[in-house]
Amino acid sequence: MTKNVLLCGVGGQGTVLASRLIALAAMEKGMEARGAETIGMAQRGGSVVSHVRIGEKIYSPLIPHGGADVIIGFEPAEAVRCLPYLKKGGCVVVSPAPIRPVTASLTGGAYTGREMMEYLEHAGENLVVVDAASIGMECGSPKVMNVALLGAAIASGLIGISLEEMEQAILKRVPEKFRAMNVTALNLGAASEHA
């Protein structure tokens, strides 16, 4: 059975690394994995969307609208923008911490992310809110929020990868000096899914 995971965020949040960790964990498990990234002005805070499809006989790396089992939103507005990809009964895992888009900076507009979180809460979807910023502080770096969100998404049971399998992917892909921090973030994120 194919599992589709859409990851969305802003440049610099680790969206691409998280998608590659999912693909690696799936391949290590003997599954096929296909992925694609859409990166728009990523180095300037632009949108980053990663499609990851795992399973058997996957021919396209792109997830169709209404086809994502899980959306992992690194930023609330990006999660709202990608909601059309979510399938019925799917799950949205999101960090409520907003990142002010370049357009708001240029126009002087205010953006707190609160409206986007309210929209997600009322969209009628299975929503898991992860305080990834606090997990990052607890682990000693804000750069592990991507792995904290991965932990919560895995704990949903909708991806078909276990925490142990993801931990092995982290040990293979992440530089040694950051491994322990990332494994801790993974487990804290998984625990937050049940909080």
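Scroll up to find the structure.
Going along each chain's sequence as written, the residues are numbered from 1 onward. Local features in a predicted model are, by the rule used here, given only for residues with pLDDT of at least 70; side-chain atom pairs are given and counted only at 80 or more, and totals for whole chains, interfaces and linings are based on all residues. The basis for the side-chain values is all heavy atoms of the structure; hydrogens and waters are excluded.

Time to look at the pattern of salt bridges. A pairing counts as a salt bridge when a side-chain nitrogen of Lys or Arg comes within 4 Å of a carboxyl oxygen of Asp or Glu. In this structure the tally under the stated criterion is six salt bridges. Residue E165 pairs with K29 through a salt bridge whose shortest N-O separation is 3.4 Å. Of this pair, E165 sits in helix α7 (residues 163–173) while K29 sits in the loop between α1 (15–28) and β2 (32–39); the two residues are 136 residues apart in sequence, bridging distant segments of the chain. Judged by its relative accessible area of 40%, K29 falls in the partly exposed class. With a closest N to O distance of 3.4 Å, R34 and E32 form a salt bridge. The cut-offs for exposure are 20% and 50% of the maximum accessible area for each residue type, with area from a 1.4 Å probe on protein chains only; residues under the lower value are buried, those over the upper are exposed, and the others partly exposed. Accessibility expressed as a relative area gives 34% for R34, which makes it partly exposed. Numbering goes from the N terminus for both helices and strands, where a helix is a DSSP run of H or I of at least four residues and a strand is a run of E of at least two.

Okay, the sheet that holds β2 next. The strand order β2-β3-β1-β4-β5-β6 describes an open sheet built from six strands, whose pairing is mixed. The open sheet is flanked by β2 and β6 (126–129), the only strands paired with a single partner. Adjacent strand axes in the sheet meet at a mean angle of 15° when their direction is disregarded. Looking at chain direction, β2 and strand β3 (residues 47–55) are connected through eight bridges and run antiparallel. The residue of β3 that forms the bridge with I39 is V48. By definition, two strands form a pair when at least two bridges between them are found by DSSP. Lines fitted to C-alpha atoms define the axes, with helix axes restricted to the stretch in contact, and inter-axis angles between N-to-C directions lie between 0 and 180 degrees.

All right, on to the pairing of β3 then. In terms of burial, β3 is a largely internal element, eight of the nine residues being buried. Sheet topology places strand β1 (residues 3–10) next to β3; eight bridges connect them, and they run antiparallel. Counted as the bridge partner of C8 is V49 from β3.

On to the environment of L86, then. Note on placement: L86 falls in strand β5 (residues 86–94). Note on L86: relative accessible area 9%, which makes it buried. The spatial distance from the C-alpha of L86 to the C-alpha of I170 is 26 Å, given a sequence separation of 84 residues. By definition in these notes, contact holds between two residues if any of their heavy atoms fall within 4.5 Å. Not counting chain neighbours up to four residues away, the residues in contact with L86 comprise G66, A68, D69, V70, I71, C91, V92 and E125.

Now for the environment of L24. Tracing the backbone shows L24 in helix α1. Between the alpha carbons of L24 and K172 there is a distance of 8.9 Å; along the sequence they are 148 residues apart.

In terms of strand pairing, strand β4 (residues 68–73) meets β5 through five bridges, oriented parallel. What sits directly across from I71, in β5, is V92. Handedness of a crossover: with both strands directed away from the viewer, a clockwise path from the first strand across the helix to the second marks it as right-handed. Between β4 and its parallel partner β5, the chain crosses via helix α2 (residues 76–82), and the hand of that crossover is right-handed. Of the strand pairs in this sheet, β5 and β6 are connected by four bridges, and their pairing is parallel.

Let us look at the packing of helix α6 (residues 145–155) against α7. Put simply, α6 and α7 touch, their axes get as near as 10 Å, and they point 155° apart. Taken together, the axis directions place α6 and α7 in an arrangement best described as roughly antiparallel. When the axes of α6 and α7 are compared, the crossing they make is right-handed. The residues of α7 that touch α6, namely those facing V147, L150, G151 and I154, are L163, M166 and I170. Each residue belonging to the contact of α6 with α7 can be placed in one class, and the counts come to six nonpolar, one polar and no charged. The scheme is simple: roughly parallel for angles under 35 degrees, roughly antiparallel for over 145, roughly perpendicular for 65 to 115, oblique for anything else. Handedness of each helix crossing follows the sense of rotation of the near helix against the far helix: counterclockwise by less than a right angle gives left-handed, clockwise gives right-handed. Residues are grouped as follows: Ala, Val, Leu, Ile, Met, Phe, Trp, Tyr, Cys and Pro are nonpolar; Asp, Glu, Lys and Arg are charged; all remaining types, including Gly, are polar.

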